[in-house]
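# Overview (structure and organization)
Take a look at the letters that make up each chain.
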Amino acid sequence: MFSISGYLKEWFNKTKYILTQPREFFKEMHTSGSLKEPVNFMVFTIFIASLLFVPIIMLIFANDLSEMNLFGIILMASGLFVFTLFFMIISVPLNALTYHFLLRICGAKGNFKTTMQVFCYHLSASMVIIPAIGILMLIFYVAEKKGLEGGLFDVMSIVLLMIGVIIIAYYAFYMLFVGFSEAHRMPMKRVILAIVGIPMAINIILAVIPAAFIFGSGFSTGISGQSTETISPLITNILAHYLPNQV
């Protein structure tokens, strides 16, 4: 018989294992099994993440919420929860499909189901990212209410925020890299090339092409303008020198 408390305990232990020992977990992950277990883990994790994310959004717009009644606040919270839930559920397979294509380019041997499993279990990182963001937002909110904002506090807050974001983002990407490396049995360098290198190269190319086009257009316009302003008087002076009566 299914037990909520039993499943919650199992989910918590698995999440803890993934977060603390990602390499060991993904090395032991069965890539030939069904997607039922990882998808169930994904859905439950997204459900918890959505519940945690809603108070953060509410905290950001706390000043606006003070003017709303209780029914409006409940309605807004419910809408945010549903939107976050469905957005995250849809984004996982889309991201998995995109990264699987890049991984295959770089020599991944596993199939799409393997990539999908890694993404499902990688969502456990949200159990660290979202609470950390919530704590930082709560600190900023309390500081604003206490009148501590401005000056040194703002500098320290920004530094704290940057350090926290960098550490959490680095570890979350590390978990994803390790997951793909172990699941697809490919070197970490190839994983980084697929996940970071290729997208970065594509973004650079997409940014350079319009910039080159704009620069080229501006350069041509500049040359054309220069020709009109400087070359024409030069010709006029030459004609005036040699044909003074005709010019």
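Just so you know, these numbers come straight off a predicted model, no measurement behind them.

With that out of the way, let us pick up a nonpolar patch on the surface. Taken together, the side chains of Ile192, Val196, Met200, Ile204 and Val208 present a nonpolar region at the surface, about 400 Å² in accessible area. Relative to the assigned elements, Met200 resides in helix α9 (residues 188-242). We classify Met200 as partly exposed; its relative accessible area is 47%.

Once that is clear, we can look at helix α3 (residues 36-60). Across its 25 residues, α3 extends 36 Å between first and last C-alpha, which sits within 8% of the 36 Å expected from 1.5 Å per residue. Turning to α3, its buried residues number three or more, namely Pro38, Phe41, Met42, Thr45, Ile46, Ile48, Ala49, Ser50, Val54, Ile56, Ile57 and Met58.

The next point concerns the UniProt feature "transmembrane region" (unreviewed entry) in the chain. Taking the numbering used here, the UniProt-annotated feature "transmembrane region" (unreviewed entry) corresponds to residues 39-61, 73-97, 118-143, 155-179 and 191-215. Across residues 191-215, helical content stands at 100% and strand content at 0%; the span's end C-alpha atoms are separated by 35 Å.

To continue, consider the packing of helix α5 (residues 70-105) against helix α6 (residues 112-122). Two elements in contact, α5 and α6, have axes separated by 9 Å at closest approach and are oriented at 125°. Accordingly, the angle class assigned to the pair α5 and α6 is oblique. Crossing angle aside, the handedness with which α5 passes α6 is right-handed. Here α5 contributes Val92, Pro93, Asn95, Ala96, Leu97, Tyr99, His100 and Leu103 to the contact with α6, which in turn contributes Phe112, Thr115, Met116 and Phe119. Among the residues making up the contact of α5 with α6, the classes are represented as nine nonpolar, three polar and no charged.

Per the stated rule, a full pass over the model turns up 12 aromatic pairs. Note on Tyr7 and Phe44: the rings are 5.2 Å apart at their centroids and 85° apart in plane angle, and the pair reads as edge-to-face. With Tyr7 in helix α1 (residues 4-20) and Phe44 in helix α3, the pair connects residues that are 37 residues apart, well separated along the chain. On the basis of relative accessible area, Phe44 is assigned to the partly exposed category, the value being 21%. Between Phe25 and Phe26, the aromatic rings sit 5.3 Å apart at their centres with planes inclined by 85°, giving edge-to-face as the arrangement. Given the relative accessible area of 1%, Phe26 is considered buried. Taken together, the ring pairs in this structure connect Tyr17, Phe25, Phe26, Phe41 and Tyr121 into an aromatic cluster.

Moving on, we come to the side chain of His184. You can see His184 is positioned in the loop between α8 (152-183) and α9. Among the residues examined, His184 registers a relative accessible area of 1% and is labelled buried. Apart from residues lying up to four places away in sequence, His184 is in contact with His100, Leu103, Ala108, Lys109, Gly110, Asn111, Thr114 and Thr115.

Locating His100 in the fold gives a position in helix α5. Taking the relative accessible area as the measure of exposure, His100 reaches 11% and is therefore buried. Of note is the side chain of His100, whose polar atom sits 3.5 Å from the backbone nitrogen of Phe112. Here His100 is in contact with Gly110, Asn111, Phe112, Thr115 and His184, once residues within four sequence places are set aside.

What counts, and where the lines are drawn
- Residues numbered from 1 in each chain as written.
- Predicted model: local features only at pLDDT ≥ 70, side-chain atom pairs only at ≥ 80, totals over all residues.
- Heavy atoms only, no water.
- Patch = residues over 30% accessible without salt bridge, like charges linked within 9 Å, V, L, I, M, F, W, Y side chains within 5 Å.
- Areas by Shrake-Rupley, 256 points an atom, 1.4 Å probe, with all protein chains shown as cover.
- Salt bridge = Lys/Arg side-chain N within 4 Å of Asp/Glu carboxyl O.
- Helix = DSSP H or I, 4+ residues; strand = E, 2+ residues; numbered from the N terminus.
- Buried < 20%, exposed > 50% of the residue type's maximum accessible area, 1.4 Å probe, protein only.
- Expected span 1.5 Å × (residues − 1).
- UniProt positions renumbered as here; feature names shortened; annotations may be inferred.
- Axes fitted to C-alpha atoms, helices over the stretch in contact; angles between N-to-C directions.
- Parallel < 35°, antiparallel > 145°, perpendicular 65-115°, else oblique.
- Left-handed = near helix turned anticlockwise from the far one by under 90°.
- Contact = heavy atoms within 4.5 Å.
- Nonpolar A, V, L, I, M, F, W, Y, C, P; charged D, E, K, R; others polar.
- Phe/Tyr/Trp six-rings, centres within 6.5 Å; stacked < 30°, edge-to-face > 60°.
- Polar contact = N/O pair within 3.5 Å; in protein donor to acceptor, adjacent residues only side chain to side chain.

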